[in-house]
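# Breakdown of the fold
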Amino acid sequence: MSGFRLYWRLIGASIRAQMQYRASFWMHSVAHLVDTGLEFLAIWALFARFRQVLGWTLPEVAFFYGTINIAFSIADAFNRGFDLFGQKVRSGDFDLILIRPRSTALQIAAQELRLMRVGRLSQSCVVFGWASWKLNVLWSPEWCLLLLWTLLGTVALFYALFVLQATLAFWTTETLEVVNAVTYGGVEAGQYPIALYRPWLREFLTYGVPIACVNYYPILALLGKPDPLGAPLWVGWLSPLAGMAFLGVALFAWELGVRHYRSTGS
Amino acid sequence: MSQIVVEGLTKTYQIAEREPGPWGAVRGLFRRRYRRVVAVRDVSFSVESGELIGYVGPNGAGKSTTIKILAGILVPDSGRCRVLGRVPWRERVAHTARIGVVFGQRTQLWWDLPVIESFELLRDIYRVPETVYRKHRDELVDRLELSPLLDTPVRQLSLGQRMRCDLAAALLHGPAVLFLDEPTIGLDAASKLAVRDFLWEINRERNVTILLTTHDMDDIEALCSRVIVIADGEVFYDGSLEGLRARVTNERRLIVDLEDPGLPLRVEGAVEIQREGHRRVLSFDPTKTPTPLLIADVTAKYPVRDLFVENPPIEEIVAQLYRDRER
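A quick note: this is a predicted structure, and the numbers were derived from the prediction, not measured.

Now for the overall build of chain B. Along chain B, the regular secondary structure elements total eleven helices and 13 strands. Expressed along its principal axes, the backbone C-alpha trace of chain B runs to roughly 70 × 55 × 45 Å. Across the 327 residues of chain B, 52% fall into the buried class. Summarising the internal contacts of chain B: among those between residues at least 6 apart in sequence, 70% fall at separations of at least 24. Of the roughly 15400 Å² that chain B leaves accessible, carbon and sulfur atoms contribute 49%.

Set out below in structure tokens:
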């Protein structure tokens, strides 16, 4: 069985395992929906007062909010294995992964699909739908392609951050909140156009952790809105690649981590 | 050709030491102090196909480290090692496809899924062809009496049941070599016997080479023709169980059940070391006092209900070995 098929086979098994706890699934999903719904309410309240912020309207910001949260909730749903990875290293259960003839990253990634994350996903889909309707988007084939490409890049970027966070567990037993701050801060930051931010933060979000590349630039292209910062619209077709590249870097770091673990056994 | 060859294997761990006090953690972020602990030092042995070997030693002696290196989990600092012709840590994926590993304290089964689903997932992970999988599965289910357990979620199994399932899981892909780290730990007597019988069978009938670590000397006595004893990371005995005994002591024990519980038992060339009701335990050295002569002597002097000769328990032998070594 190929790695790809095995991945979905293991994900399927994790779903069957979760189905043993149906009540818990529904309660968590609803709680999650309410929780993230409140977040958008705060943005709405802001715009209800000011109508628009520095040339950005509520539907435009809602479009940012919707896309980044759709991507984040997908990445987050697939992230269980890396999320709990520190525990696996400390308990020594990572050894059980190493004795199987398959890639370690594949096995960890396929550990569990968290279905309860549909709460956040459906909420962001609603916001996204509303924004698209308000903005009269075209739904042409190339528009949809760019949307898909944008989401893919964003999912890859967030997943890369999760992998990096897990990788740190190979070197330290402390939980490093730094990466969490970047991940969750990144989601927050990506909910607004980076044009609203100070230059240093914009640079960090473009060249450091390239959230703007998978979010701001392609969304400008999707909305057909000229960049107030002056970048041409075609940039948005290329920049989601940065998310893929970031994931590549993260997986490389992961392999270094595994090598470190196997030589120190800690 | 030997299936497992280990030469001069050495592995050191670096353990980060945290300085005490509230500033210790902060200081630790910048400057770490490490303590070096030698887990295994210059360990060498080789194993032929079909051997069943007990790997014995106190806690922290380096047993698990050796197993982890042989299983391809850890990379040693120095030394050479080949299992089935491969260097375990260099070709992890190819290597692990040909071996089976069981950790007594952990399960590789899926906690919330029925046992049979775990088996099917492992079939796909190990790329076992369906026909081969069926053959192995049916045989293992039959030998380990797993059929009533197959539809039970793993979390509902008792420890003994789980261990039987874990043994099957480690053998579904038909490995030629099986490593077991404490396979009987925490099991009740019946489960221990079941595990031992099974290991004995697959070793004899399927010619699976087995290396197991254990604290339970009964495991060793029941199963292993060869014992490797390790302490402080170094091998200091490798050979037969009888040889291990002979190296420490020639002592044998004659257990006598007397007709009259009140009588003291005194014979030449043997010392009474235990007295309990009708039973007397005599300790003697058969090279000085031949066993037949001693028995003849005892039965001539006392009315005897029953008597038999025993070796001192292997726990005592190994404990004595460690004491001798420390001296």
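Now, onward.
This part covers the overall build of chain A. Across its full length, chain A carries 15 helices and two strands. What you see for chain A is a C-alpha radius of gyration of 19 Å, in line with the 18 Å of a compact globule of 266 residues. When the backbone C-alpha atoms are referred to their principal axes, chain A occupies close to 55 × 40 × 35 Å. Every one of the 266 residues in chain A was classed for burial, and the buried ones make up 53%. Carbon and sulfur atoms form 68% of the exposed surface of chain A, whose accessible area is close to 12400 Å². Separation of charge centres in chain A, based on 20 positive and 15 negative side chains, amounts to 6 Å.

Turning our eyes to something else, we now look at the packing of helix H3 (residues 58-77) of chain A against helix H8 (residues 118-134) of chain A. All names here are of chain A. Where H3 meets H8, the closest approach of the two axes is 8 Å, and the angle between their N-to-C directions is 150 degrees. On the basis of the axis angle, H3 is roughly antiparallel to H8. With respect to the hand of their crossing, H3 and H8 are arranged in left-handed fashion. Side by side, H3 and H8 meet where Leu-58, Pro-59, Ala-62, Phe-63, Tyr-65, Gly-66, Thr-67, Asn-69, Ile-70, Phe-72, Ser-73 and Ile-74 of the first sit next to Arg-120, Leu-121, Gln-123, Ser-124, Cys-125, Val-127, Phe-128, Trp-130, Ala-131, Ser-132 and Lys-134 of the second.

Volume-wise, the second largest pocket comes out at about 1100 Å³. Together, 33 residues line the second largest pocket, and Lys-88, Gln-111 and Glu-112 of chain A together with Trp-110 and Trp-111 of chain B are the ones closest to its centre. Elements that contribute at least two residues to the lining of the second largest pocket include exactly helix H1 (3-18), helix H2 (22-50), helix H4 (80-83), helix H5 (85-91) and helix H6 (94-98) of chain A. Ranked by the residues each element gives to the lining of the second largest pocket, the list is headed by H1 of chain A, at five residues. The residue makeup of the lining of the second largest pocket, split by class, is 16 nonpolar, ten polar and seven charged.

The subject of this paragraph is the packing of aromatic side chains. In total, this model carries 25 aromatic pairs over all chains according to the counting rule given. Ring geometry for Phe-63 of chain A versus Phe-128 of chain A: centroids 5.1 Å apart, planes at 40 degrees, classification tilted. With Phe-63 of chain A in helix H3 and Phe-128 of chain A in helix H8, this residue pair connects regions lying 65 residues apart in the sequence. Three or more aromatic residues joined by ring pairs make a cluster, and in this case those are Phe-82, Phe-85, Phe-94, Tyr-159, Phe-170, Trp-254 and Tyr-261 of chain A. When the ring centre of Phe-103 of chain B is taken as reference, the NZ or CZ atom of Arg-106 of chain B above it lies at 5.8 Å.

As a further point, take the domain arrangement of chain B. What the domain assignment reports for chain B is domain 1 (48-246) and domain 2 (250-311). Relative to domain 2 of chain B, the C-alpha centre of domain 1 of chain B lies at a distance of 41 Å.

Our next topic: the sheet that holds strand S4 (residues 78-83) of chain B. Each strand in a sheet pairs with its neighbour through backbone hydrogen bonds, running either in the same direction (parallel) or in the opposite one (antiparallel). Residue and element names in this part refer to chain B. Strand order in this open sheet of three strands is S2-S1-S4, and the pairing throughout is antiparallel. Sheet topology places strand S2 (33-47) and S4 at the edges, where each strand pairs with a single neighbour. When strand polarity is set aside, the average angle formed by the axes of neighbouring strands in this sheet is 30 degrees. When strand S1 (residues 4-17) meets S2, the two strands line up antiparallel, connected through eleven bridges. Note on S2: the bridge partner recorded for Glu-17 is Arg-33.

Evaluation of the coordinates by the stated rule reveals one cavity of 30 Å³ or more. Every residue along the wall of the largest cavity is listed here: Leu-96 and Ile-99 of chain A together with Val-101, Val-102, Phe-103, Arg-106, Thr-107, Gln-108 and Asp-166 of chain B. Sorting elements by how many residues they give to the lining of the largest cavity places strand S5 (residues 99-103) of chain B first, with three residues.

Once that is clear, we can look at the nonpolar core. In this structure, Trp-254 of chain A together with Phe-119, Leu-178, Phe-179, Leu-199 and Leu-244 of chain B are the most contacted members of the largest nonpolar core, which totals 169 residues. The residues contacting Leu-178 of chain B, other than those within four sequence positions of it, are Gly-100, Val-101, Val-102, Ala-170, Leu-171, Leu-199, Ile-202, Val-208, Thr-209, Ile-210 and Leu-211 of chain B. The next biggest cluster of nonpolar side chains, apart from the first, holds eleven residues, and it includes Leu-254, Phe-284, Leu-294 and Tyr-302 of chain B.

The partner chain B presents 35 residues to the 30 residues of chain A that form the contact. Across the chain A to chain B interface the summed buried area is about 2900 Å²; carbon plus sulfur atoms make up 51%. If you sort the residues of chain A by the area they bury against chain B, Ile-99, Pro-101 and Arg-262 of chain A come out on top, with a joint share of 26%. The tally of links from chain A across to chain B stands at four salt bridges. We note a salt bridge from Arg-16 of chain A to Glu-117 of chain B, for which the minimum N-O separation is 2.6 Å. Along the contact surface separating chain A from chain B lie 18 residue pairs in polar contact (both at pLDDT 80 or more). Those elements giving two or more residues to the side of chain A that touches chain B turn out to be H1, H6 and helix H15 (241-264) of chain A. Examining the composition of the side of chain A that touches chain B, we find that six residues originate from one element, H1 of chain A, more than from any other. In terms of residue class, the side of chain A that touches chain B is built from 13 nonpolar, nine polar and eight charged.

Reading the values: rules and limits
Residues numbered from 1 in each chain as written. Chains lettered and ligands numbered in written order. Predicted model: local features only at pLDDT ≥ 70, side-chain atom pairs only at ≥ 80, totals over all residues. Heavy atoms only, no water. Helix = DSSP H or I, 4+ residues; strand = E, 2+ residues; numbered from the N terminus. Buried < 20%, exposed > 50% of the residue type's maximum accessible area, 1.4 Å probe, protein only. Contact = heavy atoms within 4.5 Å. Areas by Shrake-Rupley, 256 points an atom, 1.4 Å probe, with all protein chains shown as cover. Rg over C-alpha atoms; globule rule 2.2 N^0.38 Å. Lys, Arg positive; Asp, Glu negative; His and termini not counted. Charge placed at Lys NZ, Arg CZ, Asp CG, Glu CD. Axes fitted to C-alpha atoms, helices over the stretch in contact; angles between N-to-C directions. Parallel < 35°, antiparallel > 145°, perpendicular 65-115°, else oblique. Left-handed = near helix turned anticlockwise from the far one by under 90°. 1 Å grid on protein atoms, 1.4 Å probe; cavity = no way out; pocket = protein on both sides within 12 Å on 5 of 7 lines; lining within 4 Å. Points joined across faces, edges and corners; volume = space filled by probe spheres on them. Nonpolar A, V, L, I, M, F, W, Y, C, P; charged D, E, K, R; others polar. Phe/Tyr/Trp six-rings, centres within 6.5 Å; stacked < 30°, edge-to-face > 60°. Lys NZ or Arg CZ within 6 Å of the ring centre and 35° of its normal. Domains from an automatic or database assignment. Pairing = 2+ DSSP bridges. Core = buried A, V, L, I, M, F, W, Y, C linked by side-chain atoms within 4.5 Å. Buried area = accessible area lost by both parts, 1.4 Å probe. Salt bridge = Lys/Arg side-chain N within 4 Å of Asp/Glu carboxyl O. Polar contact = N/O pair within 3.5 Å; in protein donor to acceptor, adjacent residues only side chain to side chain.

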